Amino acid sequence: MRFKVTVVGAGNVGATTAQRIYERGYADVVLVDVVEDMPQGKALDLLESGPVLGTDAQIIGANDYEPTTDSDVVVITAGIARRPGMSRDDLLLTNMRIMQSVTEQVVDYSPNCIIVVVSNPLDAMVQLAQQVSDFPKERVVGMAGILDTARFRTFLAQELNVSVTNVQAYVLGGHGDTMVPLINATTVGGVPVSELIEAERLEEIVQRTRDGGAEIVALLKTGSAYYAPSAATAQMVEAILLDRKEILPCAAMLEGEYGISGLYVGVPVKLGASGVEEIIEVELTEAEGAALRASADAVQELVDVMAESGK
């Protein structure tokens, strides 16, 4: 029996995520969107690629949540996308209302699922999804750190003209301007990156990583990134469904780890069949610890704004 994965939101991120999961062949996929007939059309198009790809998995589109019943994993990408000049935080209140509605319906139809949140502003949205669902914190997790880390690894590999597989790195913290690339933990072929790239140039690469999403928004002009985000999301879904116990940077609820409590922040976690099975605490420099706490403070501000707006 195949797994069942629901992807809520059939825009670029959602549809591409559904495609990546469907093509792996081990899960049937339900693609949900409020736009009439649109998810059905995209799902049918994907289904008809099955004979070419050699997969017998099924994928359907829907405008309601009945077909999502008893999903193993639900990926939430629903929400408005960023436009040029718009920060992730500008999306907060609009996407807050969307996230609340979606999460309520997800819980009604799949009370035992694991929720993976992709919608922006990510850290605030995953916090809201956990509160609305009232799921154990292990079963609600956010996708951000994998994407940010992938961008960082990409830029480093380009700079040094090496394979991306030789670059090992973590980017922690909130998904935005306050993200924290761990320079001391970054290696290329086992060699500390600080020995390979001068400090000034390294800082430029760090800043480009922080601006990675905005750089793509500026180039696209009518949307935001979706190929890399969907790849990162599919990696998380696979780690959960196949119980891979993979160590990945994700937005997880901290309860004292890294000196932070009651807040979703990007940190390395062990991701498996139960969701977030362990928070991995890596040693931080004093500067990195301060930057992570500052990033958490920025997330807390968004959470507080949501709380105030809900009163």
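Quick caveat: nothing in here was measured; it's all calculated off a predicted structure.

Participant: Help me out: how do you make sense of helix α5 (residues 122–133) in this one?
Facilitator: The α-helix winds at 3.6 residues per turn, so residues separated by three or four positions along the chain end up facing the same way. For α5, built from twelve residues, the straight-helix expectation of 16 Å at 1.5 Å per residue is met to within 8% by its first-to-last C-alpha distance of 16 Å. With ten of twelve residues buried, α5 lies mostly within the body of the structure. Within the span of α5, buried status applies to L122, D123, A124, M125, V126, Q127, L128, A129, Q130 and S133. Backbone geometry just after α5 places D134 at a positive phi near 60°.

Participant: Would you mind showing me how to read the environment of G25 here?
Facilitator: Here G25 shows up in the loop between α1 (12–24) and β2 (27–32). Sequence separation between G25 and K4 is 21 residues, and the spatial gap between their C-alpha atoms is 11 Å. In this view, G25 contacts R2, T55 and A57; residues no more than four positions away in its chain are not counted.

Participant: Even after reading the chapter, I still don't get helix α6 (residues 145–160), so can you show me in this structure?
Facilitator: Across its 16 residues, α6 extends 22 Å between first and last C-alpha, which sits within 8% of the 22 Å expected from 1.5 Å per residue. Burial in α6 covers these residues: G145, I146, L147, D148, T149, R151, F152, F155, L156 and A157.

Participant: Explanation requested: unusual backbone geometry in the structure shown.
Facilitator: With omega at -5°, the peptide bond leading from N120 into P121 counts as cis. By secondary structure assignment, the location of P121 is in the loop between β5 (114–117) and α5. Although it is not a glycine, D70 sits at a positive phi angle of roughly 65°. Note that D70 resides in the loop between β3 (59–62) and β4 (73–76). We classify D70 as exposed; its relative accessible area is 54%. The phi torsion at D134 lies on the positive side, around 60°, for a residue other than glycine. Mapped onto the elements of the fold, D134 is located in the loop between α5 and β6 (140–142). What makes D134 exposed here is its relative accessible area of 64%.

Participant: Is there a simple way to explain the pattern of salt bridges in this structure?
Facilitator: Opposite charge on two side chains permits pairing when their charged atoms draw close. The full count for this structure, using the stated rule, is eleven salt bridges. Residue E204 pairs with R201 through a salt bridge whose shortest N-O separation is 2.9 Å. Linking E204 with R201, this pair stays in helix α7 (residues 199–210), spanning three residues, or about one helical turn. We classify R201 as partly exposed; its relative accessible area is 35%. Three or more residues are tied together by salt bridges with common partners; here these are R24, E238 and R244.

Thresholds applied
- Residues numbered from 1 in each chain as written.
- Predicted model: local features only at pLDDT ≥ 70, side-chain atom pairs only at ≥ 80, totals over all residues.
- Heavy atoms only, no water.
- Helix = DSSP H or I, 4+ residues; strand = E, 2+ residues; numbered from the N terminus.
- Expected span 1.5 Å × (residues − 1).
- Buried < 20%, exposed > 50% of the residue type's maximum accessible area, 1.4 Å probe, protein only.
- Contact = heavy atoms within 4.5 Å.
- Salt bridge = Lys/Arg side-chain N within 4 Å of Asp/Glu carboxyl O.

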